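# Structural features, examined
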Amino acid sequence: MNINNPIRKAMRDGYGEAIVELAKRNKDIVALTGDLAGSLKLDEFKLRFPDRFFEIGIAEQNMMGIAAGLASTGKIPFVSSFAMFVAGRSWEQLRTAVCYANFNVKIIGSHAGLSNSRDGASHQNLEDFAALRAIPNLIIIAPCDYNETKKAVHEAARIKGPVYIRFNRSETPILTEEKGRFRVGRAETLREGNDLAIISCGAMVYESLVAAQELAKKGIHARVINMHTIKPIDKEAIILAAKETKKIVTVEEHQVNGGLGGAVAEVLSQNSPARLKIIGVKDRFGQSGALGDVMKEYGLTSESIIKEIHDFYWK
Amino acid sequence: MKISEKTIKRLEETARTIRQDVIKMVTQAESGHPGGSLSETDMITALFFNVMRHKPKNPQWEKRDRYVQSKGHSCEALYSAMARCGYFPTSELNTFRQIRSRLQGHPSRADLPMIEASTGSLGQGLSIAIGMALGLRISDIRSRVYCMIGDGELDEGQVWEAAMSAAHYELDNLCAIIDNNGLQIDGWNEEIMNTAPLPDKFRAFGWHVIEIDGHDMSEILGAFHDAERMKDKPTVIIAETMKGKGVKFMENKVEWHGKAPTKEQAVIALRELNG
Ligand SMILES: Cc1ncc(C[n+]2csc(CCOP(=O)(O)OP(=O)(O)O)c2C)c(N)n1
Ligand SMILES: [Mg+2]
C-alpha cells in the first residue's frame, strides 16, 4: 500500500462482488433491499440470482421481519440498505425478531457516517455503533477498505448468527491485502509505535495512518490499530496498547458518545486505565456539503486528527 | 368554483420558474433529486401561491396553513417556492447542499425554521401532519395541513398506520397529496412493490379520494377547494404526474431520480423550460 498515493475503491463494490461470489457457492444466500439495489451494488446479484433476490420496496421494518422469517427456513439473508435505515428505522425488528431469536441474518449498512455528504443529516448515520452495540448476539463490523469489506462479508457468511457490517458510500483508499481471512474480533496493527496508540475503524483508519506518518516527523511514534470489529471488541489489543503506550486515541466516523471510543473506554476503565482521547463527531448532527467540506467541518481529516493528538500528547 | 384564466396562467408561469430553479439548484449542487421535484412542482405552486393561507414575512403566524414535505428528498421545488413567495432571498437557493447552508439536502427545521418538519427518512411526514391537524383542532385554529407524499413512499408501513389514524380522528383539516409519478429508485412502483389499487385502498381506510391530473392547474385548484369543503374525513388527492416533467430527457426516466445534470444538459433543460 502506498499511503501517499493510494488506489481507491468503494467498500460497497466489495460487498456487491462478495455476495455474488458467496451465492455462486451457497444456494442459501439470499439478498433483500428496500429500493436501494443500485446503491448497495446488488445489480449483478439481482441479474444472476433473480430467485434469491427480494425487492421489498421502501419498507425497512417489513424487510427486517421478512429476513428473520427467511433465516428460520435455513436461508442466509443479507438485508441491504443505507446504514441510517437498516440500523435505524428497523432497530427493534433487528433487536427482537432477529437478534433475540439469534437468527442468521446479515445486516448491511452502506452510506454510513458522513459519507452520504450531500444528502445531509437525515441520511448520515453517526449513531449506529451506539444504537446496536447494546444488542446481545449481534456482531458489529466496520471494515476499513474495499478488500476488508469483501473478506468481512465472506466471514460473516461463515458465522451462524446476526452480523452488522457498515461501510461508506465514497471511494476510499485500499489499505489491506486482498488475500487472507478476516478474523472477527482480532484487531490488526497497521503501524508500530509506542508513544501512543490510535485505535480506529472504517475510513478513519486511513486518516489515522496519514496522521501517524506526520506525527512521526515530529517525533511522536503512534501505533495504529485497525479495530474493524466493534463488537466483540478486541480487549487484549486495547489492554496491551494501554500498557505499552499509556495514551490511547480513538478515531471514528460516528458520534463521540457510545461508539468505538465508548467501547474502548469501557475496556480501559475496567482493566487498564490509561489516558484516552475520543475523536469523532462531537454530539451534533451531520449536514449537507461536498464530502471534503463536511469531513473538515467535523474535524475528521488527518490534519485535524494531528492537531487533536498533538494537543492531547503534550497536555 | 370558478378560477380565472389569468390566475391559471400566472400559476403556470410560476411553476415554470420553479422548475428552472430546480434545474439550477441540482446542477450547482452536483447532486439532488430533480425527477420528483419536477413532478410535484405544479401542486406545490398551487399551494404556496394560491391555496394556502400563510405569511412569508411572518412564518410563525399561528393561524397559518401548514405544509409537510414528507417526500423530503425532492425539497428543491419546495425551497424554490418558499424563496419565490418571500420566505428567504432567492439568492440563497445557490447554497443548496453546500456546507453551512440552511438549505439542507433534505428539509431541516433546525436550520430553516419555516420548514414545518424535518424529513428525508421516508414514511414519517403524514404522522407529523396528523399531529399538527390534531393540535390545531384542539386549539380551535381552523388552519389546514397539507402533506406531500411519494408513491414509492407508500411502501412504508407507517404511512398506512397514519392513514388509519387520520380517518379515525376524522381529520377534515388534513389533505394528503400523492405524487403518483409511477417511479421510485430501483424502477417502476408496480415492479418494486405494487401498491395498486390506491384509490380503493384509501377509500377502504376511510378517506375522501380525489383523482386528478397533477399537471393541470385548474384540476389541482379544483381538488384543493373540494378538499376544503369535505366534512369529517381526511382527503387524499391522488395526482397523476410524470417524473421529470418539463424536461424531455428526464421525463419518465428512473435514472433522473437522484442525479444532477451536467452543465451542458442543464443548458438544454433550461432552454426547454424557457419555452
Ligand atoms: C426510510 C427511507 N428509506 C429509503 C430511502 C431512500 N430513498 C430516497 S428517495 C427514494 C424513492 C422514493 O420514491 P417516491 O416516493 O416515489 O418519490 P419520487 O418518485 O417522487 O421521487 C428512496 C428509496 C429514504 N429516503 N428513506
Ligand atoms: Mg415516485
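Nothing here was measured: the structure is a model prediction, and the numbers come from that model. (Residues numbered from 1 in each chain as written. Chains lettered and ligands numbered in written order. Predicted model: local features only at pLDDT ≥ 70, side-chain atom pairs only at ≥ 80, totals over all residues. Heavy atoms only, no water.)

### Digging into the overall build of chain A
Rule in force here: Where helices and strands are cited, they refer to DSSP runs of H or I of at least four residues and of E of at least two residues respectively, numbered from the N terminus. The reference for a compact globule is 2.2 Å times residues^0.38; the radius of gyration itself is calculated from the C-alpha atoms. Think of it in three bands: with a 1.4 Å probe and only protein chains considered, a residue is buried below 20% of the maximum accessible area for its type, exposed above 50%, and partly exposed in between. By the convention used here, residues are in contact when the closest approach between their heavy atoms is within 4.5 Å. Here the Shrake-Rupley method, with its probe set to 1.4 Å, supplies the accessible areas, and only the displayed protein chains count as covering residues. In this charge count, Lys and Arg are treated as positive and Asp and Glu as negative; neither His nor the chain ends contribute. Lysine's charge is taken at NZ, arginine's at CZ, aspartate's at CG and glutamate's at CD.
Helix and strand counts for chain A stand at 12 helices and 14 strands. On C-alpha atoms alone, chain A measures out to a radius of gyration of 19 Å, which is about the 20 Å that the 2.2 N^0.38 rule sets for 315 residues. Taken along its principal axes, the extent of the C-alpha atoms in chain A is 60 × 40 × 35 Å. Looking at chain A as a whole, 63% of its 315 residues qualify as buried. Contacts in chain A between residues far apart in sequence, at least 24 positions, make up 79% of those at least 6 positions apart. Surface summary for chain A: the accessible area is close to 12000 Å², and the carbon and sulfur share equals 50%. Distance between charge centroids for chain A: 4 Å, based on 42 positive and 37 negative side chains.

### Overview of the coordination of the magnesium ion (ligand 2)
A four-donor tetrahedral metal ideally has 109.5 degree angles, and a six-donor octahedral metal ideally has angles of 90 or 180 degrees. Residues and elements named next belong to chain B. Here is the rule: Any nitrogen, oxygen or sulfur atom within 2.8 Å of a metal ion counts as a donor, with the limit raised to 3.2 Å for Na, K and Ca, and since water is left out, coordination shells can look unfinished.
The protein atoms that coordinate the magnesium ion (ligand 2) are Asp151 (OD), Asn181 (OD1) and Leu183 (O), at distances of 2.1 Å. Read in sequence order, the donor residues coordinating the magnesium ion (ligand 2) give the pattern D-x29-N-x1-L. Of this pair, Asp151 sits in the loop between β2 (145–150) and α5 (157–168) while Leu183 sits in the loop between β3 (174–180) and α6 (189–192), and the two are 32 residues apart along the sequence. Take Leu183: its relative accessible area is 3%, and that puts it in the buried class.

### Topic: the pattern of salt bridges
A side chain with one charge may pair with a side chain of the opposite charge, provided their charged atoms come close. Note the following rule: Salt bridges are defined as contacts in which a side-chain nitrogen from Lys or Arg sits within 4 Å of a carboxyl oxygen from Asp or Glu.
This model, assessed by the stated rule, comprises 34 salt bridges over all chains. Linking Arg118 of chain A and Glu30 of chain B is a salt bridge whose minimum nitrogen-to-oxygen distance equals 3.9 Å. Taken as a pair, Arg118 of chain A in the loop between β5 (106–110) and α6 (128–133) and Glu30 of chain B in the loop between α1 (5–29) and α2 (34–51) lie in two separate chains rather than in one. For Arg118 of chain A, a relative accessible area of 15% puts it in the buried group. For Arg133 of chain A, the salt bridge goes to Glu266 of chain A, with nearest N and O atoms at 2.9 Å. Of this pair, Arg133 of chain A sits in helix α6 while Glu266 of chain A sits in helix α10 (residues 260–271), placing them 133 residues apart in sequence. According to the relative accessible area criterion, Arg133 of chain A is buried, its value standing at 17%. For Glu266 of chain A, a relative accessible area of 39% corresponds to the partly exposed category. Within the structure, one salt-bridge network assembled from shared partners comprises Glu17, Glu21 and Lys150 of chain A.

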